[in-house]
Amino acid sequence: MELADIGKTFRRLDYESKVTGRAQYLADMSVPGMCHGKILRSPLPHARIKHIDTARALKIPGVLAVITRDDILQDEGIEPYYGPVFKDQTIVAVEKVRHVGDPVAAVAALEADAAEEALRLIDVEYEELPAVLDVHQALKPGGTLVHESVRIPESGFADLAELKPIEGTNICTHFKLNRGDIQKGFAESDHIFEDTFTLPATQHSFLETHACIASVEPGGRITVWATTQNPFVVRTQLANIFKVPVSKVRVIVPYLGGGYGGKVYPKVEPITVALAQKTGRPVRVVLSREEVFYTITKHAAVIRMKTGVTKDGTLMARECEIHLDTGAYAEIGPRVAKKSGYTAAGPYKIPNLKIDSYSVYTNKPPAGAFRGFGVSQSAWAVESQMDIIAAALKIDPLELRRQNGYNEGDKFVTEETLRAVGLKECLNEVARSIGWEKKERQRDKEIGRQGEAAVRRGKGLACMIKATITPSVSCAVMKLNEDASLSIYAGTVEMGQGSETVLAQIAGKELGISLQAIQVLGVDTDVVPYDLTTSSSRSTFHMGKAVQLAAQDILNQLKQIVVKEYGVPEDRVTFAGGKIRLPETQLDYAEVMFKRFGMQGGTLVGDGQVKTLVKDEFGEKSTSAFWFLAAGAAEVEVDPDTGKFKLIKYATAVDVGKALNPLGCRQQLAGAAITGFGQAMFEEIAYDNGQLINPNLVDYVLPSLGDMPPVIDPICVEVPDRNGPFGAKGIGESALIPVAPAIANAIYDAVGVRIKDLPIKAEKIYLALEDQKGKP
Amino acid sequence: MKKSILIKINGTERHADVEPRTTLLEMVREQFNLTGAKLGCDIQVCGACTLLLDGKPVSACSVLAVDTDGCEVLTIEGLGQNNALHPLQEAFMEFGALQCGYCTSGFILTAKALLDEVPQPTDEQIRDYLAGNFCRCGCYQEIMQAIRNVTKTS
Amino acid sequence: MRNFDYLEPVTVAEACALLKQHAGEAKVFAGGSHLTILMKQGLYQPKTLINIKKISQLRGIEYDNAEGLIIGALVTHREIETSALVREKFPVLSEAEREVANIRVRNMGTVGGNLASGEPLTDLSQIFISLDGKAKISGPGGQRTIPVEELFVDFYTTSLAEDEILTHVVLPPLPPRSGIEYIRFSSSSVVDKPSAGVAVRLTLDGGAKTIQAARIVLGCVGATPVRARKAEALMSGKKLTAELAEEAGSIAAQECSPTSDLRGSEQYKRAIVRILVKRAAVKAYERATST
């Protein structure tokens, strides 16, 4: 049987159950005695709740319970306020509703239909308040406040400790980064560029909606099955809300039908637990597609970027203001603002910086983590402006990036040293793939007014740097069974990225056993040890390393048994190909275990713990345990009459450190790029006075197979990280980030118009071309 | 008021009592416990609920169960025979044509319907047939490769 | 969806009688593509649905040398798309059907349902009108036939009475020396609903290359599909040149009333109409002159 290995593609462990329809996702599951929960949501963007009457609803046959703010406030066993950073959320709205779709009440009934019927019969009297519709309005002094005051927990995430809301304003967070002397930097620049870039709120649109089954036993034991990417965070939050020790809360996570950041932190779990508690039976809540739009979005942003450069293209200074629309609740918005701020300099050496990154409350559904996490927003501005600068200075956009881009050993904006920096390699790869050196400049050809202008092609590229959440913790445990098969306990959630298989490959490689002998157990917080989260593209590095350490722990235990039982000196015991090599002979693991336990039975338990800290092993500040570097290049074809364009080719290169499962890496790269196409070309959540116009998949348009370029070229670059398992870093988010600016840059190359607002719709190109025709 | 229908699911005749409003998807998932087809958008766009009705791909979320009386339905659970997987299932695994797996049943059934109709489709024909199945994880390129591989080797 | 009664007549007469009997509380139900969406969103809650899928008279595609192509109301988009007869007689229809929604909707959605829904963002009605297509309608009082153009009154509103059923679409034989082109424009994904859809049919004068009859039908850019009659009149009696096509496009662009929405501003949609009319006219003329 083939031994497990890394750097080689193995068939994924979850594939067979998924292609046969056997894999169980949350909405496929039920537990005995389960009833159904539905949520009543606010029809208004901002209103005080004057009165709620549930009498009619309770009369519907089959209705078991209704939850309103009274239940939340009057139950001493419930702490009403929670949230990942600030405690500004409640299970259902308490004094007022803050966005269309804000939960106001919930019903549990024997049949889902009865619950729906009951929702219609809950009478809520609202007193409408002026709604804060956008960031501009939110920042007006003396205007309406979304939150009159915000509760701040005593302890929270270490990396967010300094971020606090500004009293009396709608500013949820203000992150500042200053470096050098900004005025001096501009004074020393030959040219100054100032541009404003914008992008709308978008949605993750995983095909599986949020869902939860909750059960509360007499005595307070809470069990939830949840579609969550971070079961341990949800466990902690539920323990805090329902005032029980963490050990009393069990969170089980099946396979997720996609996450992309939209399933981190509590979503429908608290309300489902509340219903379970009140009814005394298990409750299942499954959100509709529309409800997902009211639950979580990606931050819309307005980014003003002012950059000073010398005439030879050296970046000298950057002043930047980023306003992120965080919606009605902070969620993880503060960290998004911080990450956006950190990356406003892009992957470039800029000695003078003044960056102000804000997350701002508005009366819209909450924005939070989205694949790319604040860097999509900043990169849209950074990488678009790089090409504006290149065009003005008549420098090739690739050369401009090479000139200013990070090299190994350079200092990040925080003055920490960057290590394992595959930026130039990524740029070179995408440039090669897209045929950068051969591109022809067609823009000089005049577009005539009469007749049909031929379609025009153009090429553009972009690159980026991103951090991973630091500090963080991942623990893994594994059992070597009596037949030398392995059971791995890891809290990493399998949401399509293939984590299960990669962890098994790492363990199998260390131990020299086959994948078939390895079982990665399901995620259950009662069983697996602590893992912070499956997000931030961190699991290969952190959990992979923990698994590697746990496997090495088992090898060490085997070694000690051999030393003791066979009297062989420690330095004469080695491992190869799943066997223990001694001077005269070799042993199977099973034999050694038999020796240890005196029978065919027994377990060796391996433990691996990874923690990353605010300082690295060199004593330097560590904003990120490792860095993500990536580049993308697009070739487009534009119809100058209509502004419509299509993708001819897209190349994406990501420095993954080491491609542990090459096909898995390429899948992630191409997959992230495709979501990037949607974000760049089609996707936007549209609002009208706080009402969502398109909370459905007909009018919120996703990229289809028919929209794909004939070729997407995913390229894994490998600049190994000293701390990653076998040098591996992270993969999931990087390829998404350069897509939008690469496409915008390609369109500029094709037809000479610069689009600064996402999505890049045909109409915007058309209007810009019309405008261009009008100019002398 | 419930109606009694007779339907052949994965080759076996089954009897069901359904209300007129019950969808084919609800009946298959809840009454027959075949949960491979998923609810994604409820509005015929995403394709996660695709089933083959008399060999034709349909959005089961929007077909009334009563309208399937006397019809044949194929779900993902009915694919493959005698413990062997269908070539499409093998190819999807081989080429990495799935990540989270939520869209997979819909894609495989639709691809099967295509190949039953057009055994050697061109790339354009594959794209046209499958353009209405969405994969948010972004496996489109791998899915094309998997289907091409099945047609090449058949 | 909330509960409803499901009645299943087997003849047109029976169906019309049921519609009359349940007036105000019942709707015709065929493929369900349109109605299921309304029902799930709570926008429409019928007490009764009249399932017409068991009326065999409404199925089938036939060709009669005098009448033309006769398409039963229950014929699905997919059946039109794959019909050899349609491909032979009106290939523009086969081509257009390829891009309607997705394969699943095409397998269930019917041409009758498509027209009777009054959905403005569709393709078929423009092509039918450009071909002088007719709609055959049955009611308790008898049958009537109207031009397809007269079927559409407003957004989601047709001229069908409550107790009437659309039974067939009839496309008269294409006059000799005719060419037709349909172009749909999506402002985003290829599978998105169209932002604009223009059909142009040009019939030439005997052996000459002058245009005897023009049909320019603009769809998705108003409450109903409209013929750009001024643009049609402009072309009449002339040979098509690039300038004429351009001018016809500009005039046609003013003959519709697009709404600014997610799929484009009014100004942009007019610009697209202008371009589509020009391009479709050139192609239709090419086809007509090569017959």
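Every chain is numbered on its own, with residues counted from 1 as its sequence reads. Chains carry letters and ligands carry numbers; both start at the beginning, A for chains and 1 for ligands, and go up in the order they are written. In keeping with the model being predicted, local features are shown solely for residues with a pLDDT of at least 70 and side-chain atom pairs are shown and tallied solely at 80 or more, while totals for entire chains, interfaces and linings include all residues.

## Overview of the overall build of chain C
Selection rule: The way it works is that DSSP assigns letters per residue, a run of H or I at least four long becomes a helix, a run of E at least two long becomes a strand, and they are numbered from the N terminus. Any residue surrounded by 20 or more other C-beta atoms within 10 Å of its C-beta is treated as buried, while 12 or fewer makes it exposed and the intermediate range makes it partly exposed; C-beta atoms here are placed from the backbone. Contact between two residues is assigned whenever their backbone-derived C-beta positions fall within 7 Å.
In terms of regular secondary structure, chain C is built from eleven helices and 14 strands. Seen through its C-alpha atoms, chain C measures out along the principal axes to roughly 60 × 45 × 30 Å. Residues counted as buried form 54% of the 291 residues belonging to chain C. Relative to all contacts within chain C whose residues are 6 or more apart in sequence, the contacts with residues 24 or more apart total 64%.

## So, the overall build of chain B
Counted only if it meets this: Computation of the radius of gyration draws on C-alpha atoms alone. For the globule rule, the value is 2.2 Å times the number of residues to the power 0.38.
Helix and strand content of chain B: five helices and five strands. Ordered by position in the sequence, the α and β elements of chain B form the string β-β-α-β-β-β-α-α-α-α. For 154 residues, the compact-globule estimate of 2.2 N^0.38 gives 15 Å, and the C-alpha radius of gyration of chain B, at 15 Å, lies within 12% of that figure. Principal axes of the C-alpha set define a box for chain B whose edges measure 50 × 30 × 25 Å. Looking at chain B as a whole, 62% of its 154 residues are labelled buried. Within chain B, contacts between residues separated by at least 24 positions form 59% of all contacts whose residues are at least 6 apart in sequence.

## Some words on the pairing of strand β21 (residues 472-480) of chain A
Residues and elements named next belong to chain A. Rules: One bridge is not enough; two strands pair if DSSP finds at least two bridges between them.
Taken across its nine residues, β21 has seven buried, putting it largely inside the fold. Taken together, the nine bridges between β21 and strand β28 (residues 604-612) define a ladder with antiparallel strand orientation. Within the sheet, the bridge partner assigned to Leu480 lies in β28 and is Leu604. Sheet analysis places β21 next to strand β22 (residues 486-490), joined by five bridges and oriented antiparallel.

## Description of the domain arrangement of chain B
All names here are of chain B. Going by this rule: All domain edges in this entry derive from an automatic or database-based domain assignment. Polar here means any residue other than Ala, Val, Leu, Ile, Met, Phe, Trp, Tyr, Cys and Pro, which are nonpolar, and Asp, Glu, Lys and Arg, which are charged; Gly is therefore polar.
Partitioning chain B into domains gives domain 1 (3-78) and domain 2 (87-153). Domain 1 and domain 2 are separated by 21 Å when their C-alpha centres are compared. With 15 residues of domain 1 in contact, the opposing surface of domain 2 contributes twelve residues. Every element with two or more residues in the side of domain 1 that touches domain 2 is listed here: β3 (50-53) and β4 (56-59). With three residues, β3 is the single largest residue contributor to the side of domain 1 that touches domain 2. In terms of residue class, the side of domain 1 that touches domain 2 is built from nine nonpolar, four polar and two charged.

## Description of the packing of helix α14 (residues 499-511) of chain A against helix α15 (residues 539-566) of chain A
Residues and elements named next belong to chain A. The following threshold applies: Here the axes come from fitting lines to C-alpha atoms, over the contacting stretch only for helices, and the angles between their N-to-C directions go from 0 to 180 degrees. By definition in this entry, angles of less than 35 degrees are roughly parallel, angles greater than 145 are roughly antiparallel, angles of 65 to 115 are roughly perpendicular, and the rest are oblique. Crossings are sorted by hand: turned counterclockwise from the far helix by less than a right angle, the near helix makes the crossing left-handed, and turned clockwise it makes it right-handed.
At a minimum axis distance of 9 Å, the contact between α14 and α15 shows a crossing angle of 30°. The orientation of α14 relative to α15 falls into the category roughly parallel. Note that α14 runs across α15; the crossing there is right-handed. Packed against α14, whose contacting residues are Ser499, Val502, Leu503, Ile506, Ala507, Glu510 and Leu511, the element α15 presents Ser539, Thr540, Met543, Gly544, Val547, Gln548, Ala551, Gln552, Ile554 and Leu555 at the interface. Each residue belonging to the contact of α14 with α15 can be placed in one class, and the counts come to ten nonpolar, six polar and one charged.

## Quick look at the interface of chain A and chain C
Across the boundary between the two partners, chain A contributes 18 residues, which contact 14 residues of chain C. By residue number, the principal contributor to the side of chain A that touches chain C is helix α19 (residues 762-774) of chain A, which donates three residues. For the side of chain A that touches chain C, the residue count by class is eight nonpolar, five polar and five charged.

## What to know about the nonpolar core
Just so we agree on the cut-off: Any nonpolar core is a set of buried residues, restricted to Ala, Val, Leu, Ile, Met, Phe, Trp, Tyr and Cys, that join up through C-beta atoms within 7 Å.
One finds Ile488(A), Ile747(A) and Val277(C) to be the most contacted residues of the largest nonpolar core, which totals 414 residues. The greatest single-element share of this core, amounting to 13 residues, is contributed by helix α11 (residues 266-289) of chain C. Dropping the residues within four chain positions of it, Val277(C) is found in contact with Val198(C), Val200(C), Ile216(C), Ala228(C), Ala231(C), Ala248(C), Gly249(C) and Ala252(C).

## Comments concerning the interface of chain B and chain A
If you look at the interface, chain B gives 39 residues, while chain A gives 40 residues. Contributing elements (two or more residues each) for the side of chain B that touches chain A: α2 (87-95), α3 (104-117), α4 (123-130) and α5 (140-153) of chain B. Along the lines of polarity and charge, the residues of the side of chain B that touches chain A split into 21 nonpolar, twelve polar and six charged.

## So, the pairing of strand β7 (residues 142-147) of chain C
When you tally the buried positions in β7(C), you get zero out of six residues, a small fraction of the element. With antiparallel pairing between neighbouring strands as the criterion, strand β6 (residues 134-139) of chain C and β7(C) make up a hairpin whose turn holds two residues.

## Thoughts on the sheet that holds strand β11 (residues 178-185) of chain C
Residue and element names in this part refer to chain C. Read across the sheet, four strands follow the order β11-β12-β13-β14 without closing on themselves; strand pairing throughout is antiparallel. Each of the sheet's edge strands pairs with one partner strand only, and the pair in question is β11 and β14 (226-227). Of the pairings in the sheet, the one linking strand β13 (residues 211-219) to β14 comprises two bridges and is antiparallel in character. Bridging from a neighbouring strand, Leu218 pairs with Val226 of β14. Running over the sheet, α11 touches β11, β12 (196-204) and β13 and is turned about 30° from β12.

## Some points on unusual backbone geometry
In the segment running from Thr470(A) into Pro471(A), the intervening peptide bond is cis, with an omega of 0°. As for its placement among the helices and strands, Pro471(A) is situated in the loop between β20 (456-467) and β21. Unlike most non-glycine residues, Lys243(A) shows phi in positive territory, near 55°. One can find Lys243(A) in the loop between α7 (231-241) and β13 (249-253). Phi at Asn33(B) takes a positive value of approximately 55°, unusual for a residue other than glycine.

## So, the confidence of the model for chain C
What counts, and what does not: The quantity called pLDDT is the predictor's confidence in a given residue, expressed from 0 to 100.
Model confidence for chain C is summarised by a mean pLDDT of 96, while 100% of its residues fall at 70 or above. Confidence metrics for the complex model read pTM 0.97 and ipTM 0.98.

## Description of the domain arrangement of chain C
When the parts come together, some accessible area is lost, and that loss is often what is quoted as the size of the interface. Residue and element names in this part refer to chain C. For chain C, the domain assignment lists domain 1 (5-51), domain 2 (59-171) and domain 3 (178-289). For domain 1 versus domain 2, the separation of C-alpha centres amounts to 19 Å. Domain 1 puts 13 residues into the contact, and the matching count from domain 2 is 19 residues. No other element matches helix α1 (residues 12-21), which puts six residues into the side of domain 1 that touches domain 2. Of the residues belonging to the side of domain 1 that touches domain 2, the class tally is eight nonpolar, four polar and one charged.

## What about helix α16 (residues 589-597) of chain A?
All names here are of chain A. Let me state the cut-off plainly: To be clear, the arc concerns the directions from the helix axis to the C-beta atoms.
All buried positions along α16 are accounted for by Tyr589, Val592 and Met593. Down the axis of α16, the buried set is contained in an arc of 100°. They therefore lie on one face. After α16 finishes, the residue Gly598 shows a positive phi value of roughly 75°.

## Section: helix α12 (residues 397-404) of chain A
Each turn of an α-helix holds 3.6 residues, which means side chains three or four residues apart point in the same direction. Those residues of α12(A) that fall on the buried side of the exposure criterion are Pro397(A), Leu398(A), Leu400(A) and Arg401(A). One side of α12(A) holds all its buried residues, which, seen down the axis, span an arc of 160°.

## Some details on the sheet that holds strand β6 (residues 96-97) of chain A
Residue and element names in this part refer to chain A. One open sheet holds the three strands; their spatial order is β6-β2-β8, and the pairing between them is antiparallel. The open sheet terminates on both sides in strands that have one partner only, identified here as β6 and β8 (123-128). Here strand β2 (residues 47-53) runs beside β8; their pairing, made up of six bridges, is antiparallel. In the sheet register, Arg48 faces β8, and the bridge partner there is Glu127.

## Examining the environment of Met543(A)
Residues and elements named next belong to chain A. Position of Met543 among the secondary structure elements: in helix α15. Note on Met543: 27 C-beta atoms within 10 Å, which makes it buried. If near-sequence neighbours (up to four positions away) are discounted, Met543 is found in contact with Ser474, Ala476, Ala490, Thr492, Leu503 and Asp531.

## Observations concerning the environment of Thr414(A)
Residue and element names in this part refer to chain A. By secondary structure assignment, the location of Thr414 is in the loop between α12 and α13 (423-434). Judged by the 14 C-beta atoms lying within 10 Å of it, Thr414 falls in the partly exposed class. It is 21 Å that separates the C-alpha atoms of Thr414 and Lys611, two residues lying 197 residues apart in sequence. Residue contacts for Thr414: discarding those within four places in its chain leaves Lys621 and Thr623.

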